[in-house]
Amino acid sequence: MKQLLFTNWHLMRWVRLAFALFLFVQAYTTRQWFFIVFGLFFLFQVVFNLGCGSNGCAVPNNKYSKK
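All values reported here derive from a predicted model rather than from experimental measurement.

Engineer: What am I meant to see in the overall build of the protein chain here?
Structural biologist: Of the regular secondary structure elements, the protein chain holds three helices and zero strands. Each helix and strand of the protein chain, ordered N terminal to C terminal, gives the series α-α-α. Every one of the 67 residues in the protein chain was classed for burial, and the buried ones make up 15%. When contacts within the protein chain are restricted to residue pairs at least 6 apart in sequence, long-range pairs at least 24 apart make up 51% of them. Accessible surface computed for the protein chain: about 5,700 Å², of which carbon and sulfur atoms make up 68%.

Rules used throughout
Residues numbered from 1 in each chain as written. Predicted model: local features only at pLDDT ≥ 70, side-chain atom pairs only at ≥ 80, totals over all residues. Heavy atoms only, no water. Helix = DSSP H or I, 4+ residues; strand = E, 2+ residues; numbered from the N terminus. Buried < 20%, exposed > 50% of the residue type's maximum accessible area, 1.4 Å probe, protein only. Contact = heavy atoms within 4.5 Å. Areas by Shrake-Rupley, 256 points an atom, 1.4 Å probe, with all protein chains shown as cover.

Written out as structure tokens, the structure is:
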């Protein structure tokens, strides 16, 4: 878990973290608490490094197998 959290930080991971923090601040200042749900979604992506990263969302093409 420690390795997952502290390695492989790319631009989109930083953007998601900034957006999650922004949503938490907006939820607190405007008292519209449904923003917390969206903030938690982006924070979950940051912590577990999920979603489309800098490499895109491509599925590897293993069409040709080595024989």
